[in-house]
Structure formats: C-alpha cells, structure tokens
Amino acid sequence: MIRKAEECKVEYREHMRDGKGTVQVTNLITSPEELNEKGRLFAKITLNPGCSIGYHVHENDSELFYIMQGTAKYTDGDTEKTVTAGDVTICPKGTGHSIANETDEVVEVIAVIVY
C-alpha cells in the first residue's frame, strides 16, 4: 500500500495539550489497524516559532519523537533538554513530556504512539 502525501489528513490543533499556538498534525495513518493494533498515531508534527505541545502524561501508551528539522526544548519528566534534527525522544508509559519551539525556525517531528 502507498499513501500519497496529498492523501494524508492534516489537522490544526490550537493550544495542543494546553501548549502555545496552533500545531499542525499530518496524520500518516488513518487507523490503529494500520499499526497492527499496536499503536494509535504515526504523524508529522509541525511546530512553528512560538508553538508548543503542553506537558502531558502517557498513562496507557508510549510516545516516540524523531526530530526531523529544527531545534526544540523538550521536557522529559522534570528535566528540560534541547533536541535537534536527528535526535529521538522516548516517553515511556506512565511518564510525561512536552515540546516547545522557542526559535525562529520551523520544527518538524515524526511522532509515534505505541501500546
């Protein structure tokens, strides 16, 4: 199966998880079945300057970020770190995280949520 870029659903989420600004989410899958029922999200997230996804805890799943472009502030539990293109973040089940673009450049992230 091939899904062309123009077939992917794009959503705009204001204040995602109580974050700042509007986050663009390009859904690369259409349902958990496409992840063999092992996850619920495979998406490209675009954070324009000043945008963020607020801190939240993953109670029943884990989230992975692959930073494709840009530099962002990533909160891992109670620790803040800078992440750049090529970095991978892992938020295991039962832990929390957030990500913020505090630069003048666009940040692009591939996000995967797995069970």
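Residues numbered from 1 in each chain as written. Predicted model: local features only at pLDDT ≥ 70, side-chain atom pairs only at ≥ 80, totals over all residues. Heavy atoms only, no water.

Caption draft 1: Seen up close, the sheet that holds strand 2 (residues 22-27). The sheet built from 6 strands is open, its strands ordered 1-2-3-10-5-8 with antiparallel pairing. Strands with a single pairing partner mark the edges of an open sheet, and in this sheet they are strand 1 (9-14) and strand 8 (88-91). Averaged over all pairs of adjacent strands, the angle between their axes in this sheet comes to 25°, without regard to strand direction. Pairing of strand 5 (residues 62-69) with strand 8, which is carried by 4 bridges, proceeds in the antiparallel orientation. Note that in strand 8 the partner of Phe65 across the bridge is Thr89. (Pairing = 2+ DSSP bridges. Helix = DSSP H or I, 4+ residues; strand = E, 2+ residues; numbered from the N terminus. Axes fitted to C-alpha atoms, helices over the stretch in contact; angles between N-to-C directions.)

Caption draft 2: Focus on the packing of aromatic side chains. Taken as a whole and judged by the stated rule, the model has 1 aromatic pair. Summarising the aromatic geometry, the rings of Phe65 and Tyr74 are spaced 6.1 Å apart at their centres and angled 80° between planes, so their arrangement reads as edge-to-face. Given a relative accessible area of 3%, Phe65 falls into the buried group. Among the residues examined, Tyr74 registers a relative accessible area of 4% and is labelled buried. (Phe/Tyr/Trp six-rings, centres within 6.5 Å; stacked < 30°, edge-to-face > 60°. Buried < 20%, exposed > 50% of the residue type's maximum accessible area, 1.4 Å probe, protein only.)

Caption draft 3: Here's a closer look at the nonpolar core. Core analysis: the biggest nonpolar cluster contains 20 residues, and Val23, Ile45, Leu47, Ile53, Phe65, Ile99 and Val109 have the highest contact counts within it. For this core, the elements supplying multiple residues, two or more each, are strand 2, strand 3 (39-47), strand 5, strand 6 (71-76) and strand 10 (107-114). (Core = buried A, V, L, I, M, F, W, Y, C linked by side-chain atoms within 4.5 Å.)

Caption draft 4: A look at the sheet that holds strand 4 (residues 52-57). Strands sit in the order 4-9-6-7 across an open sheet of 4 strands; the sheet is antiparallel. The strands lining the two open edges of the sheet, one partner per strand, are strand 4 and strand 7 (79-84). Averaged over all pairs of adjacent strands, the angle between strand axes in this sheet comes to 20°, irrespective of strand direction. Relative to strand 7, strand 6 runs antiparallel, the two being bridged by 6 bridges. By the bridge assignment for strand 7, Lys73 is matched with Thr82.

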